[in-house]
Amino acid sequence: EIEELERRFQRTVDAEQRIEPRDWMPEAYRRTLVRQIAQHAHSEIIGMQPEGNWITRAPSLRRKAILLAKVQDEAGHGLYLYAATETLGADREDLTRRLVDGRQKYSSIFNYPTPTFADVGVIGWLVDGAAICNQVPLCRTSYGPYARAMIRICKEESFHQRQGYELLMTMMRGSAEQRAMVQDAVDRWWWPSLMMFGPPDDASTNTEQSMRWRIKRHTNDELRQKFVDMTVPQAEKLGVTLPDPQLRWNAERGHHDFGQPDWDEFWRVVKGDGPCNAQRVAHRRRAHEDGAWVREAAAAYARKRAGDAGG
Ligand code: FAQ
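The notes below deal with the structure included here.

Conventions used here
- Residues numbered from 1 in each chain as written.
- Predicted model: local features only at pLDDT ≥ 70, side-chain atom pairs only at ≥ 80, totals over all residues.
- Heavy atoms only, no water.
- Salt bridge = Lys/Arg side-chain N within 4 Å of Asp/Glu carboxyl O.
- Helix = DSSP H or I, 4+ residues; strand = E, 2+ residues; numbered from the N terminus.
- Buried < 20%, exposed > 50% of the residue type's maximum accessible area, 1.4 Å probe, protein only.
- Near = heavy atom within 4 Å.
- Polar contact = N/O pair within 3.5 Å; in protein donor to acceptor, adjacent residues only side chain to side chain.
- 1 Å grid on protein atoms, 1.4 Å probe; cavity = no way out; pocket = protein on both sides within 12 Å on 5 of 7 lines; lining within 4 Å.
- Sits in = over half its atoms within 2 Å of the grid points.
- Nonpolar A, V, L, I, M, F, W, Y, C, P; charged D, E, K, R; others polar.

## Brief notes about the pattern of salt bridges
Inference 1: Taken as a whole, this structure holds 24 salt bridges when the rule is applied.
Inference 2: Among the salt bridges present, the one from glutamate 16 reaches arginine 214, with a minimum N-O distance of 2.5 Å. Here arginine 214 lies in the loop between α9 (207-212) and α10 (220-238) and glutamate 16 lies in the loop between α1 (2-14) and α2 (27-46), a separation of 198 residues in the sequence.
Inference 3: Judged by relative accessible area, arginine 214 falls into the partly exposed class, the value being 22%.
Inference 4: With its nearest N and O atoms 3.2 Å apart, the salt bridge here joins glutamate 86 to arginine 92.
Inference 5: If you follow the salt bridges from partner to partner, you end up with Asp14, Glu16, Arg18, Arg214 and Arg217 in one network.

As structure tokens, this is what we get:
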């Protein structure tokens, strides 16, 4: 019985048809999706902090308005993704609890500091660039609500990426100090951006099964390569150097060769010991606690309205 259901499920996935919330699905498929989508949602919410740091100190009204809009979009993406986990039976309050208790992960990238305004530009260019590379294929992920969320999110991410690149272009046309600030930010963010794609394929515990279920459409290393190939010409146009002495075009492969990030650093950051992990989680916990009265008021209002409608 269950084997027949599983066979039918895999046939649907192999035929590139979407799995919808009411369809039967293996329990492990559901769990994997909740894990990945929740991590993604947490990343969007935690990811508001590094750039949010600059909203009150943006150098002009125009830059402030752009940054405010971008950070607001990230909140929207997070909420949208939490809604997708709810279609799988997850509970948003429970997921938030797991995040602030350190029982669920979010992307390693958001544990690095943003000491200068050039970081805002480099996050847009490299971090949103990596996010797009990773998320465009997820528009074809097998779970319908996640795939549809990705279509909308990718449109906004591409605007985010362009605002970052435009900011950096502007700084590169500025003073020598501004150019140095951009180069310094690129030097700090390049390797962490490569880590966003996850560990190398031979250390990636989830890839094989997730590829079979067509949750993931490419391996971590495939997407990392794509990102490097996409970014090198952008760096040249911008006039910055990517801090990798091994980076060079390989005509035979038709791809760039590049060095490996420090994977020990990656695992340290993932396990909670990066430069800003404690600060990011503490800030999120505080915001959640400070918002308790809003959630209570909203729930009381909803109950009252439901009562009014009934009577
Ligand atoms: N950080 O077996 P795999 C954004 C964990 S973009 C932390 O390869 P998987 C937009 C992984 O969970 C960022 N942990 O795992 C934005 C697993 O642990 P587990 C978010 C990582 O899932 C821009 C273990 O390592 N994007 O927020 C990381 O098959 C600017 C083994 O790894 C997404 O989440 C990492 N970098 O592949 C917002 C995209 N990498 O769970 C604000 C959707 C791996 O077994 C500002 N997610 N781990 O305990 C994915 O595509 C996948 O989940 C991967 C990881 C590719 C991230």
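Continuing now.
## Notes on the site of the ligand
Inference 1: Neighbouring residues of the ligand: 36 residues in total, closest Lys105, Ser108, Ser204, Lys216 and Asn220.
Inference 2: Within the backbone of methionine 195, a nitrogen or oxygen atom sits 3.3 Å from a nitrogen atom of the ligand.
Inference 3: The contact in question runs from an oxygen atom of the ligand to an N or O atom on the side chain of serine 204, over 2.7 Å.
Inference 4: The site holding the ligand turns out to be the largest pocket.
Inference 5: Of all the secondary structure elements, the ones that give two or more residues to the shell around the ligand are α2, α4 (61-86), α6 (118-135), α7 (144-172) and α11 (263-270).
Inference 6: By residue number, the principal contributor to the shell around the ligand is α2, which donates 6 residues.
Inference 7: Partitioned by chemical class, the residues of the shell around the ligand number 13 nonpolar, 14 polar and 9 charged.

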